[in-house]
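# Examination of the molecular architecture
The chain contents come next:
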Amino acid sequence: MGFRNIITLLNMETLLDIDYTVRDEKAVIRLYYKVDKGREIREIDDFEPHFYVTSDDLEGSKKNIEKLDGVVKVETVKKVEVRQEIEVLKVTVKLPQNVPELRGEIKEFENTKEVREAAIPFAERYLINSGIVPMEDAEQLDLRIASFDLEVYNPRGEPKSEKDPLLMISYADSTGLKKVWTYRETPGVSLDYLEILSDEKEVIKRLIQTVKEQEIDILCTYNGDNFDFPYLNERAAKYKMDVGLGIDGSKVRLERRGMNLGAKVRGRPHIDLYPICRQVFNLSRYTLENVYLEMFGEEKKDINAAEMHKIWDANEPGEMKEVFEYSMADAVGTLRMGLAILPLQYELSRITRIPVYKSSRSGSGQRVEDLLIKRAYEKNILIPNKPSDRIATERQKSSYVGAYVVEPKRGIHDNIVLFDFRSLYPSIIISHNIDPSAMNCACCKKEEAFQSPAGHHFCKKNVGLIPETVGELIQRRIEAKKRLKEESDPEKKRFLDVEQQALKLLSNSMYGYFAFARAVWYSRECAEAIAALGRQYIHNTIEAAQKHGFDVLYGDTDSIYITVSGEKDSKKIIAESKKFSGEINKELPGGMELEFEGFYPRGIFITKKRYALMDEKGTLLVKGLEVRRRDWSNVAKETQTKVLNALLKDKDPEKAAEIVKGMVQMIKTGDVKLDDLTIHTQITRGMNEYVQAGPHIVAARKAIKEGREFKQGDIVTYVVTKTGTSISDRARVVDFVEEGDYDANYYINNQVLPAVMRILEALGYSEDELKGLGKQMTLGGF
DNA sequence: TACCAGAGGAG
DNA sequence: AAATCCTCTGGTA
């Protein structure tokens, strides 16, 4: 280790949070650092709020703006706009809160063209301009992470914070401290982490006290934004008390974030793992237990939370012990998930230069934009304004042609090779310089520039902001992967892997960003050009493959599945395939590559986007079929999986038929458990906005009448029961259904049979043959 | 039976 | 508050 590195280690620090305050009529930026010895708040009082004004008459505009109250300074500066250096006015103002009003007034001036960069939050503006990287060296500083979870009294179903008290708070942190605080003794229950306090108020106070004493840097919750923190705040308010978890004792602030809330803790970032999990994992449900199982392959202790109030009232030792253990497991589980999830969030915060509280709650469009804004500043590019609601809505109406999907050759095939283009869209952006500022440039003659089949051309002389940014992301990813390969320390390996994941996430989001109606660098033409070029490359590859003697079985966007019909020697097919991709790659522009992605001894293609493949280990890979969908029941999905295995692995259609017959019998006897019959469907719009209510909506409405809450974004878990007329009428939220109360006919005719029939039909069995499943089915079909 | 709204997957 | 392409279900007339 060199001298420099030792110095760096000694002066390790990481910026956890940033905000500003106004003191003596002056804006003061506050930087919340964790340093090796503890915490530090640094203040910057010489950074001034500013924005830009474009005008036809700079001098005239300047004179008008200078007269306005709150304006400190107006200067003429050079900025870059669509590759041209232009002169604009930089308006420096006294306080950040002056900006919206001044912006409005200046916009009305006669000579003003646009007011620019006035909507960038002041603290974020400072981060961009200063070049400070949030969360830098966070991993080296051994941040203290804590999680907590509430249990509340719920006698009427959904707990109401005005009436229903907290029963306990569980807490766990990365130093190993584990606690459950409650305020009532349960005779005969003693647990080392259980602490009995005098009342609810003391329980809340103890949480706050512990977070302070333990010097916690990051707070994790599971749905703390919309449940734990709002509830805690309201219960605390009952005792005229603040939830003063901020590093300076300030209270938790709830901010509106679209339809939801965000719970912000000053200087001690609160990371809600729930929205992150919804973004990262594709699951049927996002309960803590479900996500925990997905992440660690282990069950987390669970109880029926609807019974909480009864258990509390009964205060029976056995049951209460279960509740304490469950509560503790929630905090411990949330902490464990946090420790696994946070590194990627730190990395995204570093790359986009946005504090982790905010970046962990951003969607992919916002994240890409944050990164581009930072890069634009470095290149002195004037950032375009956000579109108005009207323009955004207008943009949403226009659509464009996207990817190409090959009609599959239905049925079973042997010896299948998969090729795909590595990062097709990012590599097209780079190799064809797809950028709004490069489109139809004046400096290149049309025929000399990069051509898009959609009719646009792109400059060959000057690299645009977006291709340059994507190029940098990909370059950094290549380097991270190289270091990952050379690294032997498992911990460092994990960090490098997270880094390359984050870089991939961002570069893959850039294409979608172009067509995102609220994007400041929106360009439908660029999105269109990328998609058109993608179609061109895949079309050309398909043609070349056919010329090479391959049968093209299927393809979607950037992939093609091929085989050689009649060729039994898989080694020959693989060798020929590798030769083919080599030939293709010689013709591709730099940065683009067709990869040999895999070999599958057998596969079945049903329709576009629906197929199954078996790899050389005998593992089934299924795409698009019911097995992959949360809105199908387990009975249907499990039967489908077994049928696929019987056909692809055992090559035994009779076995497939037996499986189906067996399952149909099982359903008829009424022995199937509710867990295997539930269907999960999301409420994607407001409950009153539905023109046509499907079964999940009707089931949710019934549950609402019985005291349950359902809102947009929730996933309804329902069962089709015996009683009622239509399917919707029979659909009920599972919590209200007794074991055994299910509609056998529905599960046979609308679940199991359709899921397996489609596969069998693709093999050439007629529906008539399938009606008497098993009887006529023989190996002849193969 | 034909059509539409709605959902969720693929890439 | 990233995009389009695509299949399939259940309600409605």
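Residues numbered from 1 in each chain as written. Chains lettered and ligands numbered in written order. Predicted model: local features only at pLDDT ≥ 70, side-chain atom pairs only at ≥ 80, totals over all residues. Heavy atoms only, no water.

## Some details on the pairing of strand β20 (residues 551-556)
Applicable threshold: Only protein chains enter the accessibility calculation, which uses a 1.4 Å probe; a residue whose area is less than 20% of its type maximum is buried, one above 50% is exposed, and one in between is partly exposed. Counting from the N terminus, the helices are the DSSP runs of H or I reaching at least four residues and the strands are the DSSP runs of E reaching at least two. DSSP-based pairing: two strands are paired if at least 2 bridges between them are found.
Burial runs high along β20: 5 of the 6 residues are buried. Sheet analysis places strand β16 (residues 405-406) next to β20, joined by 2 bridges and oriented antiparallel. Of the residues in β20, the one forming a bridge with Val406 is Gly555. Alignment of β20 against strand β21 (residues 559-563), held across 5 bridges, turns out to be antiparallel. What sits directly across from Tyr554, in β21, is Tyr561.

## Concerning the pattern of salt bridges
Quick reminder of the rule: For salt bridges, the criterion is a side-chain nitrogen of Lys or Arg within 4 Å of an Asp or Glu carboxyl oxygen.
Enumeration according to the criterion identifies 58 salt bridges in this entry. Arg30 is the salt-bridge partner of Asp19, the closest N and O atoms lying 3.1 Å from each other. A residue pair is termed long-range when its members are at least 10 positions apart, and Asp19 in strand β1 (residues 13-23) and Arg30 in strand β2 (residues 26-35) qualify at 11 residues. You'll find Asp19 and Arg30 in the same group, each marked buried. Across the pair Glu255 and Arg257 runs a salt bridge, and its minimum N-O distance is 3.6 Å.

## With respect to the protein's contact with DNA strand C
To keep it simple, the criterion reads: Near, as used in this document, describes a residue that has one of its heavy atoms within 4 Å of the molecule or strand being considered. Contacts described as polar in this section are N or O atom pairs within 3.5 Å, which, within protein, must combine one atom able to donate a hydrogen with one able to accept it, while residues neighboring in sequence count only if both atoms come from side chains. Gly is put with the polar residues, along with every residue not named as nonpolar or charged; the nonpolar set is Ala, Val, Leu, Ile, Met, Phe, Trp, Tyr, Cys and Pro, and the charged set is Asp, Glu, Lys and Arg.
Inspection of the region around DNA strand C gives 30 residues, with Gly363, Ser364, Gly402, Ser728 and Tyr746 positioned closest. Counting only the atoms of DNA strand C that lie within 4 Å of the protein, the sugar and phosphate share comes to 74%. Arg518 places a polar side-chain atom, nitrogen or oxygen, 3.4 Å from a base nitrogen of DNA strand C. Side-chain polar atom of Asn750 to a phosphate oxygen of DNA strand C: 3.2 Å apart, as the coordinates give it. Top element by residues in the surface near DNA strand C is helix α23 (residues 744-762). It accounts for 4 residues. Each residue belonging to the surface near DNA strand C can be placed in one class, and the counts come to 12 nonpolar, 12 polar and 6 charged.

## Quick notes on helix α16 (residues 490-514)
Where we set the bar: Helix span, as expected, comes to 1.5 Å for every residue beyond the first.
For α16, spanning 25 residues, the distance from its first C-alpha to its last is 38 Å, which sits close to the expected 36 Å at 1.5 Å a residue. Among the residues of α16, the N-terminal cap falls to Asp489, whose side-chain oxygen and the backbone nitrogen of Glu491 are separated by 3.1 Å.

## Side note on empty space enclosed by the protein
Note the following rule: In this analysis the probe radius is 1.4 Å and the grid spacing 1 Å, with only protein atoms considered; a cavity is a set of points the probe fits into but cannot get out of, a pocket is an open set with protein on both sides within 12 Å along at least five of seven lines, and lining residues have an atom within 4 Å of a point. Grid points are joined across faces, edges and corners, and a volume is the space filled by probe spheres set on the points.
All chains considered together, the criterion is met by 1 cavity of 30 Å³ or more. The calculated volume of the largest cavity comes to roughly 40 Å³. What lines the largest cavity is simply Ala699, Lys702, Ala703, Glu706, Arg732, Val733 and Phe736. Contributions of two or more residues to the lining of the largest cavity are made by α21 (695-705) and β27 (731-733).

## A look at the packing of aromatic side chains
Applicable threshold: Aromatic rings from Phe, Tyr and Trp, taking only the six-membered ring of Trp, are treated as a pair when their centres fall within 6.5 Å; an angle between ring planes under 30 degrees marks them as stacked, one over 60 as edge-to-face, and anything in between as tilted. Only when the NZ atom of a Lys or the CZ atom of an Arg is both within 6 Å of the ring centre and within 35 degrees of the ring normal do we say a charge sits over the ring.
Summed over all chains, the structure comprises 22 aromatic pairs. Each ring, one from Phe47 and one from Tyr126, has its centre 5.1 Å from the other, and the planes form 75 degrees; the classification is edge-to-face. Separated by 79 residues along the polypeptide, Phe47 in the loop between β3 (38-44) and β4 (50-55) and Tyr126 in helix α4 (residues 122-130) bring together distant segments of the chain. Taken individually, Phe47 and Tyr126 each receive the classification buried, so the pair is uniform in this respect. Through a chain of ring-to-ring contacts, the aromatic side chains of Tyr20, Phe47, Phe122 and Tyr126 assemble into a single cluster. Above the plane of the ring of Phe296 lies Arg336, whose end atom (NZ or CZ) is 3.8 Å from the centre. In this arrangement the basic side chain of Lys460 is found over the ring face of Phe450, its NZ or CZ atom lying 5.0 Å from the centre.

## Describing the nonpolar core
As a reminder of what qualifies: What we call a nonpolar core is a set of buried Ala, Val, Leu, Ile, Met, Phe, Trp, Tyr and Cys residues that are connected through their side-chain atoms within 4.5 Å.
Formed by 73 residues in total, the largest nonpolar core has its most connected members in Ile218 and Leu232. The element contributing the most residues to this core is helix α10 (residues 317-352), with 11 residues. Core analysis: the second largest hydrophobic core is formed by 62 residues, Ile120, Ile128, Ile351 and Ile562 among them.

## Some points on the packing of α10 against helix α12 (residues 364-378)
Relative orientation and spacing of two packed helices are given, respectively, by the angle between their axes and the distance between those axes. Which entries qualify depends on this criterion: The convention used is that axes are lines fitted to C-alpha atoms, helices contributing only their stretch in contact, and that angles between N-to-C directions extend from 0 to 180 degrees. Our angle categories are set so that under 35 degrees counts as roughly parallel, over 145 as roughly antiparallel, 65 to 115 as roughly perpendicular, and the remainder as oblique. In this analysis, two residues are considered to be in contact whenever any of their non-hydrogen atoms come within 4.5 Å of each other.
Following both chains from N to C, one finds α10 and α12 inclined at 40 degrees, their axes separated by 8 Å at the closest point. With respect to α12, the axis of α10 lies oblique. On the side of α10, the interface is formed by Leu348, Ile351 and Thr352, while α12 contributes Arg367, Asp370 and Leu371. Residues that form the contact of α10 with α12 fall into these classes: 3 nonpolar, 1 polar and 2 charged.

## Remarks on the protein's contact with DNA strand B
Not every one of the 20 residues close to DNA strand B is listed here, only the nearest: Asp558, Tyr611, Arg630, Thr684 and Tyr690. Among the atoms of DNA strand B lying within 4 Å of the protein, the sugar-phosphate backbone contributes 88%. Within the side chain of Asn282, one N or O atom sits 3.4 Å away from a phosphate oxygen of DNA strand B. The contact in question runs from a base nitrogen of DNA strand B to an N or O atom on the side chain of Lys609, over 3.1 Å. For the surface near DNA strand B, a count of residues per class yields 3 nonpolar, 8 polar and 9 charged.

## Focus: the packing of helix α8 (residues 288-296) against α10
Using the following cut-off: Crossing handedness follows the turn of the near helix against the far one: under a right angle anticlockwise gives a left-handed crossing, and clockwise gives a right-handed one.
Running from amino to carboxyl end, α8 crosses α10 at an angle of 45 degrees, the nearest separation of the two axes being 11 Å. One finds that α8 runs oblique with respect to α10. Crossing of α8 over α10 shows left-handed handedness. For the pair α8 and α10, the contacting residues are Leu288, Glu289, Val291, Tyr292, Met295 and Phe296 in the first and Tyr326, Asp330, Gly333, Thr334, Arg336, Met337, Ala340 and Ile341 in the second. Classifying every residue of the contact of α8 with α10 gives 9 nonpolar, 2 polar and 3 charged.

## Some thoughts on unusual backbone geometry
A negative phi angle is the norm for most residues apart from glycine, just as the trans form is the norm for most peptide bonds. The phi torsion at Val82 lies on the positive side, around 45 degrees, for a residue other than glycine. Examined against the element boundaries, Val82 turns out to sit in the loop between β5 (71-81) and β6 (84-93). Located in the positive-phi region is Asn433, a residue other than glycine, with phi close to 50 degrees. For Asn433, the location among the structural elements is in the loop between α14 (424-431) and β18 (450-451). Classification of Asn433 as buried rests on a relative accessible area of 5%.

## Focus: the side chain of Ser55
Here Ser55 shows up in strand β4. A polar atom in the side chain of Ser55 sits 2.6 Å from the side chain of Ser61. Reaching out from Ser55, the side chain makes a polar contact with the backbone oxygen of Asn111 at a distance of 3.2 Å. Apart from the residues lying within four places of it in its own chain, the contact partners of Ser55 are Ser61, Asn111 and Lys113.

## Section: the pairing of strand β10 (residues 178-182)
β10 sits mainly inside the fold: 4 of its 5 residues count as buried. The pairing of strand β9 (residues 166-173) with β10 spans 5 bridges and is antiparallel. Following the sheet pairing, Ser170 is matched in β10 by Val180. Where β9 folds back onto β10 in an antiparallel hairpin, the turn is made up of 4 residues, including Gly176, whose phi is positive at roughly 105 degrees.

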